[in-house]
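Spelled out from the first residue to the last, the chains are:
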Amino acid sequence: MEVSHTLARPAAPVLSRPVAAAVAVLAVGAALGVGQLVAGLLSPTSSPYLAVGDAVVRLAPPPVVEFAKSAFGTADKPVLLAGMAVVLLLVAVAAGLASRRSSVPAQVVIGVLGLAGLVAVALGPAFAPADLVAPLAAAAAGLWVVRTLHRLALAAAVAPEAPGVRGLPRRAVLIGASAAVGVGALAAGGVGVAVGRGTVDSRTRLTRRLAAATVVHEAPLPSGTDFAAELGTTPFVTPNPEFYRIDTALRVPQLRAEDWSLRVHGRVARELTLTVDDLFARPLVERTITMTCVSNEVGGDLISTARFVGVELADVLREAGPMPGADQILSTSTDGWTAGTPTGVVLEPGRGALLALGMNGEALPAEHGFPVRMVVPGLYGYVSATKWVTDLELTSFADRDSYWVQRGWGERGPIKTECRIDLPRGFSQVPPGRVTVAGIAWSQPRGVSRVEISVDGGPWTEAQLAAEVGGNTWRMWRGTVEVGPGSHTVRARATDGLGNLQTEQRADVLPDGATGWPAMIFSAA
C-alpha cells in the first residue's frame, strides 16, 4: 500500500496591523520631512505639504474661506495644516493596513500623494522649474523608506532573532531603522526654522538702520486720543504682536532685506528696479494708519492701527510715469499673491500710501511683510496691503484681475464707515445705574465726525469723541447710559467727516465689506 506525503508550504509572512501601520506612517513622515528639508534649502515655496495647503486655500469657495476666518480667526492656517496632518495620518494608517503582505499598496498611496504634491507645486503662483526638486525628493524618500522598512519588518516577522545587518538581530535592525527614519524626518522638518535665521538677523540690522535714518516723524499723539488706559479698551496704536494678520501664506516668507528688490513696470514711461538701499536714499516718512480687513464682520476685530515708516508710493509711481489707461497697480508678493490697487487713489494728494519698511519703531515683523509691504489708507487690505511685495505692474482693471477679485470679491475695495462697541463686553454683567459705553469708529480717509449710542431702542445720544489724529486712523469714543436691572441692548452708529451716516442695512463681508450698526447685549444686576 502506497502512502503519499504532501509537504505543506510555509505560510507567507504577514505583518501585524500595528507594525504595518507604523511602517506606512514613518514613510509618509519621512517624505514630508525630506520635502521640507529640500524646500528650506532651495525654495521655501516648493514644500509639497504647504503647496497642497495653498491649493486648498486657492480653490476653496469664498463662503468656505469666510467660514474658516470667522470660525477660527487668525488660527485658520494652523487649523488647516493640522487638519491636513490628521488626514495624512489616517491615509497612511489605511495604506499600512492594506500592506501587511506586500508594500505595493503603500507604495501606490505614497506615489499618489507625491503626485498631488508635485501638481500643487507646479500650479503654484510663484512656480519655477527648480521647485520640482522638493516634491520629487519627498516622493522618492517615501517610496524608499516604505520598501526598506517593510522588507525588514517581514524578515523580522519570520525570524526575529536571525542575523540581520552586521550580525544584529533583525528586530533590532527594524527598530533602529524606524527610529532613524523618525528622527531624520523631524530633523529635516526643523531645517526650515534654521534657514529662517537669516531673516531674523536681517530684520535686526534693518531695525538699527531705521533708528539711525533721518525720518520725517509725525507729531506725538494729541492729548485725549487714547481712552485705553482709563477704560481698559483697545489701545490707539496696536502693538505689533497684537496686530491682526490675514493673508494666504501658510508659511511666512523668509526674506533678507539685502536680497530684496522691487520691479515697477508695465504701462510706465520708465521701468524701475528698487532695492532697500534705494528706498533709504529717498525721503523716509512716518504715517499713523488704521488698516482694515474686508473680512471684518460688524463689530469684529480684524482692524488695527500702527505707525508705519517708509517712502511715498506716489513719488515712486510719478518717477515711473504711469501711461494713460493704467488705472490699476497690480502688486505681487514673493509667494505669488496679487492685489489690484486703483492708481488714482495712490496718486491722490494727501493719501499717504507707503512702501513701508518699519512698523511701530522697528522693521516690519516677518508675518507683516518684512522687508517691504504696501500700505494704502482708505482701502481694504485685499486690494492694497500686499506683504513681501516684489513687483508692481501698471495695468488696467479691464485687463487683469487680482487674487481675490478672481474669487468674486469687489474690484476697488473702499473702506466703509463703521464702528465697534468695546464696552460693555458682550453678555457681561454690570451694576444698575450709569454704565460706560465705549468703542472705536473709522471711515478712512474721510474721518469720523460723530458717534451716537442708543439703549433698548431708545433715543440716540451723542458720544464723546477722542481727539482726532487724522482721517486715516480710527477714532475712539465713549458715553454713558442709565440702565435698570435686567437685560439691555446698546447700539452705535457713526457719521463720517463728510456728514454721511453709517448705513443701518446689514450686509455680509462678501463682496466688498460688511455693513450695519453694531449691537451689544449686557445685563445689569
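Placed above this text is the structure.
Remember, it's a predicted structure, so these values are computed and weren't measured experimentally. Residue positions are given per chain, counting from 1 as you read along its sequence in written order. Confidence filtering applies because this is a predicted model: local features only for residues at pLDDT of at least 70, side-chain atom pairs given and counted only at 80 or more, and all residues used for totals across whole chains, interfaces and linings. Hydrogens and water are ignored here; the side-chain numbers use all heavy atoms of the structure.

Participant: I would appreciate a short explanation of the overall build of the protein chain in the present structure.
Facilitator: For helices the rule is a DSSP run of H or I covering at least 4 residues; for strands it is a run of E covering at least 2, with both sets numbered from the N terminus onward. The number of helices and strands found in the protein chain is 13 helices and 20 strands. Taking the principal axes of its C-alpha atoms as reference, the protein chain extends roughly 115 × 65 × 45 Å. In this scheme, a residue with accessible area under 20% of its type's maximum is buried, one over 50% is exposed, and one in between is partly exposed, where area comes from a 1.4 Å probe on protein chains only. Taking all 525 residues of the protein chain together, 50% fall into the buried category. Restricting the contact set of the protein chain to residue pairs at least 6 apart, pairs at least 24 apart contribute 75%. A contact between two residues is defined here by any heavy atoms of the two lying within 4.5 Å.

Participant: In this structure, what is going on with unusual backbone geometry? I would like to understand it.
Facilitator: Negative phi values dominate among residues other than glycine, just as trans dominates among peptide bonds. Across the junction of F370 and P371, the peptide omega takes the value 10°, indicating a cis bond. Positionally, P371 belongs in the loop between β9 (362-363) and β10 (373-375). Of note in this structure, W388 is not a glycine but carries a positive phi near 50°. Among the residues examined, W388 registers a relative accessible area of 2% and is labelled buried. One non-glycine residue with positive phi stands out, namely D456, at about 55°. With respect to the element layout, D456 can be found in the loop between β15 (448-455) and β16 (461-462).

Participant: What is the right way to read the pairing of strand β11 (residues 389-395) from this model?
Facilitator: Consecutive side chains of a regular strand alternate in pointing toward one face of the sheet and then the other. Of all the seven residues making up β11, six are buried; the element is thus mostly covered by neighbouring parts of the structure. At least two bridges found by DSSP between two strands is the condition for calling them paired. As defined by bridge partners, strand β2 (residues 261-266) adjoins β11 across four bridges and the pair is classed as parallel. Note that in β11 the partner of H265 across the bridge is E393.

Participant: Looking at this structure, I do not really get the sheet that holds strand β6 (residues 328-333). What am I missing?
Facilitator: The strands that make up a sheet are held in pairs by hydrogen bonds between backbone atoms, and each pair lies either parallel or antiparallel. Pairing is mixed across the open sheet formed by five strands, whose spatial order is β3-β2-β11-β6-β7. Strands at the two margins of the open sheet, each flanked by one partner only, are β3 (272-275) and β7 (338-342). Neighbour-to-neighbour, the strand axes of the sheet open up by a mean angle of 20°, direction not taken into account. Bridge count for β2 against β3 is four bridges, and the pairing is antiparallel. Bridged to S261 within β3 is T275. The angle between two axes is taken between their N-to-C directions and runs from 0 to 180 degrees, where each axis is a line fitted to C-alpha atoms and a helix contributes only its stretch in contact. Strands β2, β3, β6 and β11 of the sheet are contacted by helix α12 (residues 313-320), whose axis makes an angle of about 145° with β3.

Participant: Help me understand helix α4 (residues 76-97) in this model?
Facilitator: In an α-helix, one turn spans 3.6 residues, which is why side chains three or four residues apart end up on the same side. The terminal C-alpha atoms of α4, which comprises 22 residues, lie 32 Å apart, in line with the 32 Å expected from a rise of 1.5 Å per residue. Buried within α4 are the following residues: D76, K77, L81, M84, L88, A92, A95 and G96. Turning to α4, the residues buried within the fold contact α1 (17-42), α2 (48-59), α3 (62-72) and α5 (104-122). Expected helix span is taken as 1.5 Å per residue step, with the number of steps being one fewer than the number of residues.

Participant: Would you mind showing me how to read the sheet that holds strand β20 (residues 519-524) here?
Facilitator: Ordered by their spatial adjacency, five strands build an open sheet running β13-β20-β19-β15-β16, and the pairing between neighbours is mixed. The sheet terminates laterally at β13 (429-430) and β16, the two strands that pair on one side only. Pairing of β15 with strand β19 (residues 486-496), which is carried by seven bridges, proceeds in the antiparallel orientation. Counted as the bridge partner of V455 is V490 from β19.

Participant: Looking at this model, I keep getting lost on the pattern of salt bridges. Mind explaining?
Facilitator: Once their charged atoms are close, side chains differing in charge can pair, the charge on each being opposite to the other. The term salt bridge refers to a side-chain nitrogen of Lys or Arg lying within 4 Å of a carboxyl oxygen of Asp or Glu. This model, assessed by the stated rule, comprises 25 salt bridges. The salt bridge involving R351 is made with E348; its shortest N-O contact spans 2.9 Å. Residues K416 and D512 are paired through a salt bridge, measuring 3.0 Å at the closest nitrogen-oxygen approach. Linking K416 in the loop between β11 and β12 (418-423) with D512 in the loop between β19 and β20, this pair joins segments that are 96 residues apart in sequence. By sharing partners, the salt bridges in this structure join D76, K77, R245, D247 and K387 into a single network.

Participant: Help me understand the layout of surface pockets in this model?
Facilitator: If a probe the size of a water molecule is rolled over the atoms, the empty space left behind becomes visible. The way it works is a 1 Å grid over only the protein atoms, where trapped points that fit a 1.4 Å probe form a cavity and open points with protein on both sides within 12 Å along at least five of seven lines form a pocket, and then any residue with an atom within 4 Å of a point lines it. Grid points are joined across faces, edges and corners, and a volume is the space filled by probe spheres set on the points. By volume, the largest pocket amounts to about 680 Å³. Counting residues per element, the ones that place at least two in the lining of the largest pocket are α2, α3, α4 and β4 (284-292). Looking at which element gives the most residues to the lining of the largest pocket, the answer is α3, with seven residues.

Participant: What am I meant to see in the nonpolar core here?
Facilitator: The tendency in soluble globular proteins is for nonpolar side chains to be buried side by side. Remark: nonpolar core denotes a set of buried residues (Ala, Val, Leu, Ile, Met, Phe, Trp, Tyr, Cys) joined through side-chain atoms within 4.5 Å. With 76 residues, the main nonpolar core has F308, L355 and L357 as its most contacted residues. Setting aside residues up to four positions removed in sequence, F308 forms contacts with F243, V285, E286, R287, I289, M291, L354, A356, G358, M359, L364 and V375. The next biggest cluster of nonpolar side chains, apart from the first, holds 20 residues, and it includes V437, A441, V483 and V490.

Participant: Sorry if this is basic, but what is going on with the side chain of S333 here?
Facilitator: Of note, S333 is situated in strand β6. Residue class for S333 comes out buried when judged on its relative accessible area of 3%. Apart from residues no more than four positions distant in its own chain, S333 is found in contact with T386, K387, W388, V389 and T390.

Participant: I tried to follow the packing of α2 against α5 on my own but got confused; where do I start?
Facilitator: Angle between the axes and distance between the axes are the two parameters that describe a pair of packed helices. It is the contact of α2 with α5, at a shortest axis distance of 8 Å, that shows an interaxial angle of 65°. Of the two possible hands of crossing, α2 and α5 adopt the one that is left-handed. Facing α2, whose interface residues are P48, A51, V52, A55 and R58, α5 presents A116, G117, A120 and V121. Lys, Arg, Asp and Glu make up the charged group, whereas Ala, Val, Leu, Ile, Met, Phe, Trp, Tyr, Cys and Pro make up the nonpolar group; the residues left over, Gly among them, are polar. Counted by class, the contact of α2 with α5 contains seven nonpolar, one polar and one charged residues. Left-handed describes a crossing whose near helix is turned anticlockwise from the far helix by less than a right angle; the clockwise case is right-handed.

Participant: Please clarify how empty space enclosed by the protein should be interpreted in this entry.
Facilitator: Per the counting criterion, the structure on display carries four cavities of 30 Å³ or more. What lines the largest cavity is T292, C293, V294, N296, E297, V298, Y380, E418, W442, G513 and A514. Grouping the constituent residues of the lining of the largest cavity by class yields six nonpolar, three polar and two charged. The volume enclosed by the second largest cavity comes to roughly 50 Å³. Examining the composition of the lining of the second largest cavity, we find that four residues originate from one element, β4, more than from any other.

Participant: What's the story with the packing of aromatic side chains in this structure? I'm lost.
Facilitator: Pairing of aromatic rings covers Phe, Tyr and Trp, the last counted by its six-membered ring, and requires centre-to-centre distances within 6.5 Å; plane angles under 30 degrees mean stacked, over 60 mean edge-to-face, and any other angle means tilted. Scanning the entire structure with this criterion turns up seven aromatic pairs. Taking 5.6 Å as the distance between ring centres and 15° as the angle between the ring planes, the aromatic pair formed by F243 and Y244 counts as stacked. Both residues of the pair, F243 and Y244, belong to the buried class. Residue class for F243 comes out buried when judged on its relative accessible area of 5%. Following the ring pairs from residue to residue traces out a cluster consisting of W337, Y382, Y403, W404 and W409. In this analysis the charged atom, NZ for Lys or CZ for Arg, is taken to sit over a ring once it is within 6 Å of the ring centre and within 35 degrees of the ring normal. A cation sits over an aromatic face here: R407 above Y403, 3.7 Å from the ring centre. Sitting over the face of the ring of W460, R493 holds its NZ or CZ atom 4.1 Å from the ring centroid.

Structural measurements only, silent on function.
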